[in-house]
Amino acid sequence: MAIASINPATGETLKTFDALTREEIERKLARAEQAFRTHRRTSMSERAERMARAAEVLEGEKDRFARLMTTEMGKPLAAAVAEVEKCAWVCRHYAEHAAEMLARRPVDVGEARAEIHFLPLGAVLAIMPWNFPFWQVFRFAAPGLMAGNVGLLKHASNVPQCALAIEEVFRRAGFDEGVFTTLLVGSDAVGGLLDDPRVAAATLTGSTPAGSSVAERAGRNLKKTVLELGGSDAFVVMPSADLDAAAKTAAKARCINNGQSCIAAKRFIVHEAVADEFERRFVHAMEALKVGDPMDAGTDVGPLATQSIRDEVAGQVRAAVAAGARVLTGGQPMDGPGFFYPPTILTDIPREAPAYHEEVFGPVALLFRVPDVDAAIAMSNDSPFGLGSSVWTRDDGERARFIAEIEAGMTYVNAMVASDPRLPFGGVKQSGYGRELAEFGIHEFVNIKSVWMQETAPGDLPAAE
């Protein structure tokens, strides 16, 4: 099986790689197992020093890594540079704070001494997507390696050069061979990896069907998983909102990463009192975005990552229009080479249209009108997904209700949803389970061990289970 790197702006095949053979996979797994025995015994200060060096490597060559991302999956170059910088941030965040997050915690149990210890599990398999080819990996790897685990990366098959570059970063940072390993394999190899006893746990960022498949296989093996899956985030605009800021942010939130982000705003739910004005401003903001060469500094929206993704988005729009939706702007694939699709807004989308419930993974916004806050909350929750949400209001009562009642892992008020190393990241419903980032993320893949130390002759013992 060949793994190909294809430039989505031109359709040109840049490089191909042979998938690893069974023998090569076995050697890498054996090396990772051996590396874990050593890495788990390193001090937190040693790990922190190496993780800080990883941040330095990223920052020192951010332009090279950014160009690699842009040529493999099409994001605008400026966004790719920002992604590398964010990866350096998450490395530094855990280098500086992991020791505190994983420190032993004393528990008052009376005469004896008790503590909670946080110990590594082993090799964590990361099945990662192409849309943020560096960030998705580093947000798993930085806390994972700082916790004493080792990482096995099965990256998306259309970003193999990014996958190999990430392994290079950790190697140059001073981590031992095998502490972080890229496995150039197809999806057909994932099941065998999950079955292997040397793989302790798995994390996946991707589609709901992929997450369900991995969870089922890992569950059979009683292995911990964290799943960050799809999203169809609500972006709610109420009458008290700053409409100009909301409309400009709406365009950015829908078209970030060429519209290919799980936490991109996708469903725009607007109170009917301000719907006409918001619609006018939103259409203007979307039409002002420049679509073109992602290497051009003036480009806002580059190509979709693959031809099949572009064709799927176009098919979702056609099906919505056939069901009765209206196109306010965009709506047709762009002519010429590459996999481009213009910023698009649909309205009057009937509930029976597939796009009403599906995630549209491209720069297509679904615009709805609602009469009140109750309807806004009901429509926000009328989705199988529950990842992020953005609400625009200056009313304290509305804000409190949205925070309490919208079914999502994240709610941002008067701001677009974004990931931040200091905050837990993840969703509910079909958007997955578990959390990445912050203290919650580093605790997902550790053995939370209770320790009881009797310092004197045993007296009354705690009751048996």
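To start, this report covers the structure provided alongside it. (Residues numbered from 1 in each chain as written. Predicted model: local features only at pLDDT ≥ 70, side-chain atom pairs only at ≥ 80, totals over all residues. Heavy atoms only, no water.)

Quick look at the overall build of the protein
We apply this condition: Helix and strand definitions here come from DSSP, where helices need a minimum of 4 consecutive H or I residues and strands a minimum of 2 consecutive E residues; each element is numbered from the N-terminal end. Atoms counted for the radius of gyration: C-alpha only. Globule rule: 2.2 Å times residue count to the power 0.38. Remark: exposure states derive from per-residue accessible area (1.4 Å probe, protein chains only) relative to the maximum for the residue type, with buried under 20%, exposed over 50%, and partly exposed in between. We call two residues in contact when some of their heavy atoms are within 4.5 Å. Residue-level accessible areas treat just the shown protein chains as cover; the underlying method is Shrake-Rupley with a 1.4 Å probe. Positive charge is attributed to Lys and Arg, negative charge to Asp and Glu, and no charge count is given to His or to the chain ends. Charged side chains are reduced to one point each, which is NZ for Lys, CZ for Arg, CG for Asp and CD for Glu.
For the protein, the helix and strand inventory stands at 15 helices and 20 strands. A compact globule built from 465 residues should have a C-alpha radius of gyration of about 23 Å, and the protein, at 23 Å, falls within 12% of that. Reported as C-alpha extents along the three principal axes, the dimensions of the protein are approximately 75 × 55 × 40 Å. Burial status across the protein gives 56% buried among its 465 residues. For the protein, long-range pairs separated by at least 24 residues make up 72% of all intrachain contacts whose partners lie at least 6 apart in sequence. Total accessible area computed for the protein in this model is approximately 19,200 Å², and 51% of it derives from carbon and sulfur atoms. Once the 49 positive and 62 negative side-chain charges of the protein are each reduced to a mean point, those two points are 4 Å apart.

Some thoughts on the environment of Pro371
Note on placement: Pro371 falls in the loop between β14 (364-370) and α13 (373-381). Classification of Pro371 as partly exposed rests on a relative accessible area of 44%. Apart from the residues lying within four places of it in its own chain, the contact partners of Pro371 are His271 and Glu272.

Re the layout of surface pockets
Applied cut-off: Here a cavity means grid points, on a 1 Å grid over the protein atoms only, where a 1.4 Å probe fits yet cannot get out; a pocket means an open set of points with protein on both sides within 12 Å along at least five of seven lines; lining residues are those with an atom within 4 Å of a point. Grid points are joined across faces, edges and corners, and a volume is the space filled by probe spheres set on the points.
What the largest pocket holds in volume is close to 960 Å³. Residue lining of the largest pocket: 40 residues in total, with Trp130, Thr205, Gly206, Ser207 and Ala210 positioned closest to the centre. If you list the elements that add at least two residues to the lining of the largest pocket, you get α7 (190-195), β8 (199-205), α8 (208-220) and α11 (307-322). With 8 residues, the top contributor of residues to the lining of the largest pocket is α8. Reported here for the second largest pocket is a volume of approximately 710 Å³. Lining the second largest pocket are 31 residues, with Ala79, Phe132, Ile256, Asn257 and Met416 sitting closest to its centre.

Looking at the pairing of strand β4 (residues 113-120)
Two faces make up the sheet, and in a regular strand the side chains alternate between them. Note the threshold: The rule for pairing is simple: two strands pair if DSSP sees at least two bridges between them.
Taken together, the 4 bridges between strand β3 (residues 105-108) and β4 define a ladder with antiparallel strand orientation. In the sheet register, Val107 faces β4, and the bridge partner there is Ala114. Turn length for the β3-β4 hairpin, with the two strands adjacent in sequence and antiparallel, is 4 residues, and the turn residue Gly110 shows positive phi of about 100°. Of the pairings in the sheet, the one linking β4 to strand β20 (residues 446-453) comprises 8 bridges and is antiparallel in character. Each bridged residue has a counterpart across the sheet, and for Ile116 the counterpart in β20 is Ser450.

Observations regarding the sheet that holds strand β12 (residues 326-329)
This is how the line gets drawn: Orientation is described by axes fitted as lines to C-alpha atoms, over the contacting stretch for helices, and by angles from 0 to 180 degrees between their N-to-C directions.
Overall, mixed pairing links the 7 strands, which are arranged β12-β13-β14-β11-β10-β16-β17 in an open sheet. Each having just a single partner strand, β12 and β17 (412-413) make up the two edges of the open sheet. Summarising the sheet, strand β16 (residues 389-392) and β17 pair through 2 bridges and their orientation is parallel. The residue bridging Ser390 from the neighbouring strand is Tyr412, located in β17. Here helix α9 (residues 243-255) sits on the sheet in contact with β10 (233-237), β11 (265-271), β14 and β16, set at roughly 165° to β10. Strands β10, β11 and β14 of the sheet are contacted by α13, whose axis makes an angle of about 165° with β11.

Re helix α3 (residues 62-73)
For clarity, the threshold we go by: What a helix should span is 1.5 Å times the count of its residues minus one.
The first and last C-alpha atoms of α3 sit 16 Å apart over 12 residues, in line with the 16 Å expected at 1.5 Å per residue. Taken residue by residue, α3 has Phe65, Ala66, Leu68, Met69, Thr70, Glu72 and Met73 as its buried positions. Among the structural elements, β1 (2-6), α2 (44-60), α4 (77-101) and α6 (160-172) are those in contact with the buried residues of α3. Remark: Gly74 follows α3 within two positions and exhibits a positive phi of approximately 95°.

Some points on the packing of helix α5 (residues 135-146) against α6
The test is simple: Orientation categories follow fixed angle ranges, with anything under 35 degrees roughly parallel, anything over 145 roughly antiparallel, 65 to 115 roughly perpendicular, and all other angles oblique. In this scheme, a crossing is called left-handed if the near helix is turned counterclockwise away from the far one by less than a right angle; it is called right-handed if the turn is clockwise. Any residue that is not Ala, Val, Leu, Ile, Met, Phe, Trp, Tyr, Cys, Pro, Asp, Glu, Lys or Arg is counted as polar, Gly included; the first ten are nonpolar and the last four charged.
For the pair α5 and α6, the least separation of the axes is 12 Å and the interaxial angle reads 30°. By the angle between their directions, the pair α5 and α6 is classed as roughly parallel. For the element pair α5 and α6, the recorded crossing hand is right-handed. Across the interface between the two elements, Val137, Phe138, Ala141 and Leu145 from α5 touch Ile166, Val169 and Phe170 from α6. When its residues are assigned to classes, the contact of α5 with α6 shows 7 nonpolar, no polar and no charged.

A few points about a nonpolar patch on the surface
For clarity, the threshold we go by: The patch calculation keeps residues exceeding 30% relative accessible area without a salt bridge and links them within 9 Å when they carry like charges or within 5 Å when they are nonpolar (Val, Leu, Ile, Met, Phe, Trp, Tyr). A pairing counts as a salt bridge when a side-chain nitrogen of Lys or Arg comes within 4 Å of a carboxyl oxygen of Asp or Glu.
On the surface, Val107, Val109 and Trp452 cluster together into a nonpolar patch covering about 230 Å² of accessible area. For Trp452, the location among the structural elements is in strand β20. Under the relative-accessibility criterion, Trp452 is labelled partly exposed at 39%.

Focus: empty space enclosed by the protein
Within this structure, the stated rule accounts for 4 cavities of 30 Å³ or more. Its boundaries defined by the atoms lining it, the largest cavity holds a volume of some 110 Å³. If you go around the largest cavity, you meet 15 residues; those closest to its centre are Arg139, Phe140, Pro143, Gly441 and Phe445. Ranked by the residues each element gives to the lining of the largest cavity, the list is headed by α5, at 4 residues. Of the residues contributing to the lining of the largest cavity, the split by class is 7 nonpolar, 4 polar and 4 charged.

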